[in-house]
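Coordinates in review
Given next are the chains, with one letter for each unit.
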Amino acid sequence: MQSPGHFQRRWRRRGAHSLVLLCVVFFFLLVLDRLFPLPSPDARTYSVIVTANDGTPLRAFAAGNGVWRYPVTPDQVSPLYLQAVIGYEDRWFWHHPGVNPVALLRAGGQWASNGRIVSGGSTLSMQVARILDPQPRTGWGKLRQMLRALQLELHYSKSEILTIYLNYAPFGGTIEGVEAASWAYLGKPARNLSHAEAALLAVLPQSPSRLRPDRHNEAARRARDKVLLRLAEQGDWSQREVHDAMIEPVVSRRLVPPMLAPLLAERLRDANPGIAKVRSTIDPNLQRLLEERVTAYFSRLPERSSAALLVVDNHTLEARAYVGSLAFAEQSSLGHVDMVRATRSPGSTLKPFLYGLAMDDGLIHSESLLVDAPQSFGTYRPANFDPNFNGPVAAADALRLSLNVPAVDLLDRLGPARFAARLEHAGVQLKLPEGATPNLSIILGGTGVSLEELVGAYVALNRDGLAGRVNYTPGKTPGGRRLLSPGAAWIIREILEKHERDGLSEDTFDTGGRTRVAWKTGTSYGFRDAWALGSTSDYTIGVWVGRPDGTPMPGQYGAVTALPLLFEVVDSLPRMATSKSRQGMPADVRSVEICWPLGVVDDPAHPELCREKRKALALAGSLPPTLPERDARLWSSGKLVVDVDDKSGLRLSGQCTQVHAHHSLAIARWPSLAYPWLPVAQRQAAQVPALSPDCSDDALAAMEVLRIEGPANGSAIARAPNSVVPPQIHLRALGTNAHVNWLVNGQWVGETSGGGSFTHAFALPGDQHITAMAQTGAWAELDIRVLR
């Protein structure tokens, strides 16, 4: 009989042998782990997905191997899906070491007794191992899969293993991962799955091709119901929840990759290399609405046309909608070219900033008297988009009407280089030909800017003069660069908000319920670009229409092509809960009554100097008078005081042969170029009295007297008998050596120099009013009648 000590020694030897064996096995497994390292999931194989601000995919870019996979973590997935996939695939996932022996024995027994596989024995860890290291479906392959699962559990936590499964499980075709599958089949993020949808996506990886809901709807429904019954049987979900879920039909969308704001998505992907998921600031519902509206609105544009639209939140400077082209996939219109970023001629869209800067410089107020008449600025002679001229015009009206000559005149006084520098400081980089410097043409579109730069500048109208760079990803502080003073920005906004929409006159319709919008249009030379920019208290919107290749679009200009869409967008924008009440007049702005033509406050002691009263908005501490005339050699507009005889009213000079009882007469002179447009009463009131015969000539007597040589005033002309050639006249301006501009019925038709001859043919019959305007300020008129 063996002693107890003998048994103790034998067990100690066995324990030592077992320990050695375990050490050998552990060392062997460690060597195997080093020799056959576990393949790790490659983050580079993720698709890149750009989302809206709520996570809705805007556009996805397939991975290099063509797979659609959107990154997701367990806390970003619906708990219902996690319950379904763990409850159905691997109930003991959180407890086993990677392999579940009980499940394997059960599966083996069912296979032996039924001659077919009834239930699988694979755990989620084993499925992940097969995803990372695919094995043939043989006994040896199964063994290797189990070893890989054990290896997986050594290297990763349970949560990390689950994350790999959520991102790499196959869902049919090139779709992998639950997030990509949820968007592809159900059109929603995986965090919003219902019980039925969670069960459907839980079973799909078992046989992705056979159970795809877009192709095999009935098979997918039966598989889903099997999962639901299993979960009810196990007590994971209640009978009521399962019953309601089984009633829900299996509905799947056609597999179409998301394609909202495609050009912005491409831009953000390129700007964030190596990032699989980029979140943007875009509002998906607004983006979808405006893409449809742009497509419908511009469906009848000429071929090869494109359009762009940008909507920005004034409070955050975040883009809410971004339409980079009219048809992204259309090659003929170069739909792949992002016109939000493209450099184009701005037309007249820079004018509001010129007028605002002129106010900040003390050059003008809102009702300053400007002159819209033919003028030359060196070798540059601008004309209006409408060939007519308006004569004397208030600064506010000149801006609203987008008159070119007053704008060029203002820029000449402010300085093109200084204007360009102020814009550049605010984020608007004017593009000029290589070696060129800013010149007067930039205010009429003789430069290049982008739509996003213009929108970033127009936000200043509702941000106290601060322009900013548009943000496309969230979390950035809305900075700003000073473009205008708060007061100047407020005045310009008030001016532009007084634009009437077509058919909506405030005198006829109650427009109080409509959103107030400060808007401006622009059209580049040759009808190549049509613009409409608008700013409300909450949003700033920019619209561009044209051809990316720069060819003209005759008949398409800002007011008729881009502006109606701008108003549609403004009316469809959501009202913000945080929207502030409309700002009243700032402390640095005052409303004051001024008088034309001097442009200053009425002087009660000299009522004769106030020919027309106007209500002006001016910056506090500044009330600039009417600008002095450019290049007028005789006299400038302003107050002129002369001595006149008490009885005859004739002008007296410093040397008169007779003694005169006299008094001083103050005359308010208009800018000389404005006189052809003045009513007769205004002309007479501003007329300088004739010089008394006994007085020597004074400086005023040296004024040029312009006379038109040609038909007599009131003449009638007609074409020659049996001729189809329109009647024409030959005219000359006598009395000046300066350049002379010729206008017919207010439209510029030509120019001459000195006494050069001017010929004009009249295509239409009727009364014709001809004006000759010398650059010195002298002018003459002629009225004739053209007979049929």
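Residues numbered from 1 in each chain as written. Predicted model: local features only at pLDDT ≥ 70, side-chain atom pairs only at ≥ 80, totals over all residues. Heavy atoms only, no water.

A few words on the overall build of the protein. A tally of regular secondary structure across the protein gives 21 helices and 26 strands. Counting all 788 residues of the protein, 52% fall into the buried class. Long-range contacts, defined as pairs at least 24 residues apart, comprise 68% of the intrachain contacts of the protein with a sequence gap of at least 6. Per element, the accessible surface of the protein, about 37000 Å² overall, is 54% carbon and sulfur. (Helix = DSSP H or I, 4+ residues; strand = E, 2+ residues; numbered from the N terminus. Buried < 20%, exposed > 50% of the residue type's maximum accessible area, 1.4 Å probe, protein only. Contact = heavy atoms within 4.5 Å. Areas by Shrake-Rupley, 256 points an atom, 1.4 Å probe, with all protein chains shown as cover.)

In this section: the state of the cysteines. Counted under the stated rule, the structure contains two disulfides. Bridging Cys595 to Cys610, the disulfide has an S-S length of 2.0 Å. Linking Cys595 and Cys610, the disulfide has an S-S dihedral of approximately -80° and is accordingly described as left-handed. With Cys595 in strand E13 (residues 589-596) and Cys610 in the loop between strand E14 (600-601) and strand E15 (612-619), this pair connects stretches of sequence that are 15 residues apart. As far as the burial class goes, Cys595 and Cys610 line up, both buried. The disulfide bridge from Cys656 ends at Cys695, spanning 1.8 Å between sulfur atoms. On the sign convention where negative is left-handed, the bridge of Cys656 and Cys695, at about 105° about the S-S bond, is right-handed. Note that Cys656 is positioned in the loop between strand E17 (651-652) and strand E18 (662-669) and Cys695 in the loop between helix H21 (680-685) and strand E19 (707-709), a separation of 39 residues in sequence. On the basis of relative accessibility, which here comes to 25%, the residue Cys656 falls in the partly exposed class. Residue class for Cys695 comes out buried when judged on its relative accessible area of 8%. Of note for the protein: the bonded cysteines, numbered N- to C-terminal, pair according to 1-2, 3-4. (Disulfide = S-S within 2.5 Å.)

For the coordinates displayed, the defined rule picks out 32 salt bridges. Between Asp338 and Arg341 there is a salt bridge whose closest N-O contact spans 3.6 Å. The exposure class assigned to Asp338 is buried, which follows from its relative accessible area of 10%. Of the residues examined, Arg341 reaches a relative accessible area of 43% and is grouped as partly exposed. Among the charged side chains, a network of salt bridges with common partners joins Glu218, Arg221, Arg222, Arg224 and Asp225. (Salt bridge = Lys/Arg side-chain N within 4 Å of Asp/Glu carboxyl O.)

Together, Trp140, Leu143, Leu147 and Leu150 line one region of the surface with nonpolar side chains, adding up to about 390 Å² of accessible area. When you line up the elements, Trp140 lands in helix H5 (residues 139-155). Assessed through its relative accessible area of 55%, Trp140 is described here as exposed. (Patch = residues over 30% accessible without salt bridge, like charges linked within 9 Å, V, L, I, M, F, W, Y side chains within 5 Å.)

What follows is about the side chain of Thr523. Mapping Thr523 onto the fold places it in strand E10 (residues 518-523). At 2.9 Å, the side chain of Thr523 and the backbone nitrogen of Gly558 are in polar contact. Leaving out residues up to four positions away in the same chain, Thr523 has contacts with Gly347, Ser348, Phe385, Asp529, Gln556, Tyr557 and Gly558. (Polar contact = N/O pair within 3.5 Å; in protein donor to acceptor, adjacent residues only side chain to side chain.)

What follows is about helix H7 (residues 178-186). Most of H7 sits out of view: nine of its nine residues are buried. Restricting attention to buried positions, one finds in H7 the residues Val178, Glu179, Ala180, Ala181, Ser182, Trp183, Ala184, Tyr185 and Leu186. Buried residues along H7 sit against strand E2 (57-61), helix H2 (79-89), helix H6 (158-168) and helix H8 (195-203). Looking one or two places after H7, you find Gly187, whose phi comes out positive at around 70°.

All right, on to H8 then. An α-helix turns once per 3.6 residues; consequently, residues spaced three or four apart project the same way. Taken across its nine residues, H8 has eight buried, putting it largely inside the fold. All of the buried residues along H8 are Ala196, Glu197, Ala198, Ala199, Leu200, Leu201, Ala202 and Val203. On its buried side, H8 packs onto H2, H7, helix H9 (208-211), helix H10 (217-233) and helix H11 (239-247).

For the pair helix H14 (residues 351-360) and helix H16 (residues 404-414), interaxial distance at closest approach is 10 Å and the crossing angle is 50°. One way to sum up the angle between H14 and H16 is to call them oblique. Helix-helix and strand crossings are classified by hand; for H14 and H16 the assignment is left-handed. Along its contact with H14, which presents Lys351, Leu354, Tyr355, Leu357 and Ala358, the element H16 presents Asn404, Pro406, Ala407, Leu410, Leu411 and Leu414. (Axes fitted to C-alpha atoms, helices over the stretch in contact; angles between N-to-C directions. Parallel < 35°, antiparallel > 145°, perpendicular 65-115°, else oblique. Left-handed = near helix turned anticlockwise from the far one by under 90°.)

Here the focus is the side chain of Arg267. Here Arg267 lies in helix H12 (residues 262-271). With near-sequence residues (within four places) excluded, Arg267 lies in contact with Tyr322, Asp338, Arg341, Glu452 and Tyr472.

All right, on to the confidence of the model for the protein then. When pLDDT is averaged along the protein, the result is 86, and 89% of the positions lie at 70 or above. The element-level mean pLDDT for the protein is lowest in helix H3 (residues 101-114), coming to 59, with helix H18 (residues 451-458) highest at 98. Below a pLDDT of 50 lies the segment residues 507-511, which in the model reaches four contacts outside its immediate sequence neighbourhood of four places, other chains included. (pLDDT = per-residue confidence, 0-100.)

In this section: the sheet that holds E2. With mixed pairing, three strands are arranged side by side in an open sheet as E2-E1-E3. In this open sheet, the two strands that pair with only one neighbour each are E2 and strand E3 (277-279). The sheet shows a mean angle of 15° between the axes of neighbouring strands, taken without regard to direction. Direction of pairing for strand E1 (residues 48-51) relative to E3: parallel, over a ladder of three bridges. Bridging from a neighbouring strand, Ile49 pairs with Lys277 of E3. Across the sheet, H12 touches E1, E2 and E3, and the angle it forms with E2 is around 60°. (Pairing = 2+ DSSP bridges.)

Our next topic: the sheet that holds strand E23 (residues 747-753). In space, the five strands of this open sheet follow the order E20-E26-E25-E22-E23, with mixed pairing throughout. The open sheet is flanked by strand E20 (716-717) and E23, the only strands paired with a single partner. Here eight bridges tie strand E25 (residues 766-774) to strand E26 (residues 779-786), and the two strands are oriented antiparallel to one another. Residue Ala772 lies in a different strand from E26, and its bridge partner there is Ala780.

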